[in-house]
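Each chain, written out:
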Amino acid sequence: MKKRDIQQRNAAAAKADTLIEALPWINQMNGKTFVIKYGGSAMEDIELCRRVVADIELMKLMGVRVVLVHGGGKAINALLTRLDVPVKFKDGLRVTDPDTMEVVREVLVGKVNQELVWELNEYGHNAVGISGADGKTLKAEAIDPELGRVGRIREVDTNLIETILDDGYIPVVASVGCGPDGFFNINADVAADKIAEAMGADKLIYLTDVDGLLEDVNDPDSLIAQMTRSEVHELLDSGTLEGGMVPKIRSVADALDAGVSQVVIVNGKAEHSLLLEIFTDAGCGTMFTQDL
Ligand SMILES: Nc1ncnc2c1ncn2[C@@H]1O[C@H](COP(=O)(O)OP(=O)(O)OP(=O)(O)O)[C@@H](O)[C@H]1O
Ligand SMILES: [Mg+2]
């Protein structure tokens, strides 16, 4: 005879509750398109990276068409520093001279992209790594001579991404664009937004290294749970944002303006934040919606 362990039973019941709570979402997942931008800062710890990859696998199993776009800011800084190339930012965007552009390509396309593809493949996916130059996915042009090779996206051609998805692969996009005169460094937040807009994505998810948008960047308890499109524009107009949040929140506003119904910022370093955001009532990061 073996007695039932009550604690074990309660833990199992809690898991069952979670599954039941997720049911309505699971039902809605099939055929949806989610663009996920995975921030370089959140990618550094291999164990955390594996958990994110596992979450993505679950989403794919539920029939979500997942497009992954990645940054690599910290890895680019590390190589630039090693090569004695100065690291400079203006309004959250990397000032990109030709030497820096070469490093951006080497790190984003050659290293970060391939590592993510490898991780996904290890989990049984078939991931395909591309850069925005492949299939002319991200056609770009210069923004401002002071920023050098930083590009604005002129046009997104979604054909290659759609083909990869239709064949059952996960496209993993490095945010490098191209134009007639060469390559451009595209901020990955902007690339994810423009790809989401062009694909008519149902959701745009920013996985970063903080819990979401903080009202006060120095106070981790000031996490904003939800914000509407008008409130996002008010925040941008106030000019109070700084660092990497500037392009991110601008991209949030652009995505909402273009009709993407939901954008979320979640912590890619917190365990299963992706699944919590998608499959629970409470969510966990900051959710941006159209005006209510
Ligand atoms: N109000 C704010 N709330 C939250 N984070 C903020 C805020 N203002 C500035 N930040 C900074 O923005 C950073 C996130 O942007 P960052 O560009 O560094 O990462 P990422 O976009 O996820 O990665 P990558 O740029 O490599 O793609 C946070 O680590 C934080 O320091
Ligand atoms: Mg960034």
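Residues numbered from 1 in each chain as written. Chains lettered and ligands numbered in written order. Predicted model: local features only at pLDDT ≥ 70, side-chain atom pairs only at ≥ 80, totals over all residues. Heavy atoms only, no water.

(A) Layout of the packing of helix α2 (residues 46-61) against helix α4 (residues 98-122). The geometry of α2 relative to α4 is characterised by a closest axis approach of 9 Å and an angle of 60 degrees between their N-to-C directions. Our classification of the angle between α2 and α4 gives oblique. Here α2 and α4 pass one another in a crossing that is right-handed. Here Ile46, Cys49, Arg50, Val53 and Ile56 of α2 come into contact with α4, specifically with Leu116, Trp118, Glu119 and Leu120. (Axes fitted to C-alpha atoms, helices over the stretch in contact; angles between N-to-C directions. Helix = DSSP H or I, 4+ residues; strand = E, 2+ residues; numbered from the N terminus. Parallel < 35°, antiparallel > 145°, perpendicular 65-115°, else oblique. Left-handed = near helix turned anticlockwise from the far one by under 90°. Contact = heavy atoms within 4.5 Å.)

(B) Structural detail: the site of ligand 1. For ligand 1, the set of nearby residues contains 19 residues, the closest of which are Lys37, Gly73, Thr208, Asp209 and Lys248. Within the backbone of Gly72, a nitrogen or oxygen atom sits 3.4 Å from an oxygen atom of ligand 1. Take Lys248: an N or O atom from its side chain is 2.6 Å from an oxygen atom of ligand 1. When ligand 1 is considered free in solution it has 640 Å² of accessible area, and contact with the protein chains removes 80% of it. (Near = heavy atom within 4 Å. Polar contact = N/O pair within 3.5 Å; in protein donor to acceptor, adjacent residues only side chain to side chain. Areas by Shrake-Rupley, 256 points an atom, 1.4 Å probe, with all protein chains shown as cover.)

(C) Local environment of the pairing of strand β2 (residues 65-70). Counting buried positions over the six residues of β2 gives five, a clear majority of the element. Across six bridges, the pairing between strand β1 (residues 33-38) and β2 is parallel. Counted as the bridge partner of Ile36 is Leu68 from β2. This β-α-β element, β1 to α2 to β2, shows right-handed connectivity. Bridging between β2 and strand β8 (residues 170-174) involves three bridges; their strand directions are parallel. Considered in β8, the bridge of Leu68 is made with Val172. (Buried < 20%, exposed > 50% of the residue type's maximum accessible area, 1.4 Å probe, protein only. Pairing = 2+ DSSP bridges. Right-handed = clockwise from strand over helix to strand, strands pointing away.)

(D) Looking closely at helix α8 (residues 245-257). Compared with the 18 Å implied by 1.5 Å per residue over 13 residues, the 18 Å span of α8 between its first and last C-alpha is a close match. The buried fraction of α8 amounts to 10 of the 13 residues, a majority that puts the element mostly inside the structure. Looking at α8, one finds that the buried residues are Met245, Val246, Pro247, Lys248, Ile249, Ser251, Val252, Ala253, Ala255 and Leu256. Phi turns positive one or two residues past the end of α8, at Gly259, with a value near 105 degrees. (Expected span 1.5 Å × (residues − 1).)

(E) Geometry of the sheet that holds β1. In space, the eight strands of this open sheet follow the order β5-β8-β2-β1-β11-β13-β14-β12, with mixed pairing throughout. Each end of this open sheet is capped by a strand with a single partner; those strands are β5 (127-131) and β12 (226-228). Between one strand and the next, the sheet's axes are offset by a mean angle of 20 degrees, whatever the strand orientation. Along the sheet face, helix α7 (residues 229-238) touches β12 and β14 (286-289) and points at about 90 degrees away from the line of β12.

(F) A look at the side chain of His70. Summarising the element assignment, His70 is placed in strand β2. Classification of His70 as buried rests on a relative accessible area of 0%. A polar atom in the side chain of His70 sits 3.1 Å from the side chain of Asn113.

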